[in-house]
Amino acid sequence: MAMAFKMATTGMWVADECKSSFMEMKWKKVHRYIVFKIDEKSRLVTVDKVGDAAKGYDDLAASLPTDDCRYAVFDFDFVTVDNCRKSKIFFIAWAPSASRIRAKMLYATSKAGLRRALEGIHYEVQATDPTEMGFDIIKDRAQ
């Protein structure tokens, strides 16, 4: 199994599929969002879910579990007041209150390593419930 990047602080590895899926989203625009999860047994960050280009932010929010942590990246397309089309990539650290404390600690300590592996992220959002990562928050941060 090929590994792309080892996160020194937690000993976690980022799977090659994470970086390749992110590059497809960033450059080819074939994905709107990607959800990542940590497999504690294999100590590997893997792709959990992928939303195609037709999906929206509500689909991403619905795909996040209510009782477990996840990472997600979302490609937000918008038009500026000058009528220019722009795109910003958001990194979302999802740690709901109902998730296990061990999972929260593992995701918190592994976050920086995954962000380094995924080059080109513009903004980061940390959320423990859906109101902390609402579409209005994403829109305000991008503009």
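Structural notes, computed from the coordinates. (Residues numbered from 1 in each chain as written. Predicted model: local features only at pLDDT ≥ 70, side-chain atom pairs only at ≥ 80, totals over all residues. Heavy atoms only, no water.)

### A short note on the nonpolar core
Core analysis: the biggest nonpolar cluster contains 25 residues, and Phe 36, Val 73 and Leu 114 have the highest contact counts within it. Elements supplying a minimum of two residues to this core: strand 2 (12-15), helix 1 (16-28), strand 3 (31-39), strand 4 (44-52), strand 5 (70-79), strand 6 (85-94) and helix 3 (101-117). By residue number, the principal contributor to this core is helix 3, which donates five residues. (Core = buried A, V, L, I, M, F, W, Y, C linked by side-chain atoms within 4.5 Å. Buried < 20%, exposed > 50% of the residue type's maximum accessible area, 1.4 Å probe, protein only. Helix = DSSP H or I, 4+ residues; strand = E, 2+ residues; numbered from the N terminus.)

### Overview of the pattern of salt bridges
Taken as a whole and assessed by the stated rule, the structure comprises eight salt bridges. Its salt-bridge partner being Lys 29, residue Asp 75 comes within 2.9 Å of it at the nearest N-O pair. With Asp 75 in strand 5 and Lys 29 in the loop between helix 1 and strand 3, the pair connects residues that are 46 residues apart, well separated along the chain. A residue is classified by how much of its surface remains accessible, and Asp 75, at 1% relative accessible area, is buried. Classification of Lys 29 by relative accessible area gives partly exposed; the value is 35%. Here Asp 68 and Arg 70 are joined by a salt bridge, their closest N and O atoms 3.0 Å apart. (Salt bridge = Lys/Arg side-chain N within 4 Å of Asp/Glu carboxyl O.)

### Notes on the environment of Thr 66
Along the chain, Thr 66 turns up in the loop between helix 2 (57-63) and strand 5. Considering only alpha carbons, one finds Thr 66 and Thr 128, 62 residues apart in sequence, at a separation of 9.4 Å. Setting aside anything within four residues of it in sequence, one finds Thr 66 in contact with Pro 96 and Ala 98. (Contact = heavy atoms within 4.5 Å.)

### Describing the packing of aromatic side chains
Any aromatic ring pair is given by two values, namely how distant the centres are and how the planes are angled relative to each other. Within the structure shown, the criterion is met by nine aromatic pairs. Taken together, a centroid distance of 4.9 Å and an interplanar angle of 50 degrees make the contact between Tyr 71 and Tyr 107 tilted. Taken together, the positions of Tyr 71 in strand 5 and Tyr 107 in helix 3 put the pair 36 residues apart, joining distant regions of the chain. Each of the two residues, Tyr 71 as well as Tyr 107, counts as buried. For the ring pair Phe 76 and Phe 135, a centre distance of 5.6 Å and an interplane angle of 75 degrees mean the geometry is edge-to-face. Highlighted residues: Phe 76 in strand 5 and Phe 135 in helix 4 (residues 135-142), separated in sequence by 59 residues. (Phe/Tyr/Trp six-rings, centres within 6.5 Å; stacked < 30°, edge-to-face > 60°.)

Everything listed here is a matter of geometry and, on its own, says nothing about what the molecule does.
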